[in-house]
Amino acid sequence: MKIGFLITARLKSERLPLKIIKDLNGGQVLIFAGPEERELSLEIKKKLGKSAILADGYSLGEAAAIIGKCQFFIAGDSGMGHIASTTKTNLILIFDLFY
């Protein structure tokens, strides 16, 4: 199973808590992030091990195509989350995260 995670968002309150990603078991995890979250995405990849792949540096169209190959895509309120809604991927879009 491929699960995509978007760890970036314009506002910190819209970003996914890392504990959600950390609690994943099994499957392949694609980590989507912008350039400003490069360090954070590498940290997450290290924690998840071989099952994690960084999906960064793609155009919006390329990222949408990759998301379209995932069984699930999980994101906070973000542009990429809304773009994911145009694919047939099961989407979990979380609004108003306060932690």
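Before reading on, note that the structure itself is shown above.
Our subject in this report is the structure included herewith. Note that the structure is a prediction, hence the values are computed from the model and not measured.

Attention now goes to the pattern of salt bridges. Under the counting rule described, the total for this entry stands at one salt bridge. Between Asp56 and Arg38 there is a salt bridge; the shortest N-O distance is 2.4 Å. Separated by 18 residues along the polypeptide, Asp56 in the loop between strand S3 (52-54) and helix H3 (60-67) and Arg38 in helix H2 (residues 38-48) bring together distant segments of the chain. Relative accessible area serves as the criterion here: at 26%, Asp56 is assigned to the partly exposed category.

Now for the pairing of strand S4 (residues 72-76). Buried residues dominate S4, accounting for four of its five residues. Taken together, the five bridges between S4 and strand S5 (residues 90-94) define a ladder with parallel strand orientation. The residue of S5 that forms the bridge with Phe73 is Leu91. For the segment spanning S4, helix H4 (residues 79-84) and S5, crossover handedness is right-handed.

The next subject is the nonpolar core. Note that soluble globular proteins tend to have their nonpolar side chains buried in a common cluster. Counting residues in hydrophobic clusters, the biggest one holds eleven residues: Leu6, Leu30, Phe32, Ala55, Ala63, Ile67, Cys70, Phe73, Ala75, Met80 and Ala84. Where this core is concerned, the elements lending two or more residues are strand S2 (28-32), H3, S4 and H4. Filtering out sequence-adjacent residues up to four positions away, Ile67 remains in contact with Phe32, Phe73, Met80, Ala84, Thr87 and Thr89. Formed by eight residues, the second largest nonpolar core is a distinct cluster that contains Ile7, Val29, Ile31 and Ala52.

The rules behind these values
Residues numbered from 1 in each chain as written. Predicted model: local features only at pLDDT ≥ 70, side-chain atom pairs only at ≥ 80, totals over all residues. Heavy atoms only, no water. Salt bridge = Lys/Arg side-chain N within 4 Å of Asp/Glu carboxyl O. Helix = DSSP H or I, 4+ residues; strand = E, 2+ residues; numbered from the N terminus. Buried < 20%, exposed > 50% of the residue type's maximum accessible area, 1.4 Å probe, protein only. Pairing = 2+ DSSP bridges. Right-handed = clockwise from strand over helix to strand, strands pointing away. Core = buried A, V, L, I, M, F, W, Y, C linked by side-chain atoms within 4.5 Å. Contact = heavy atoms within 4.5 Å.

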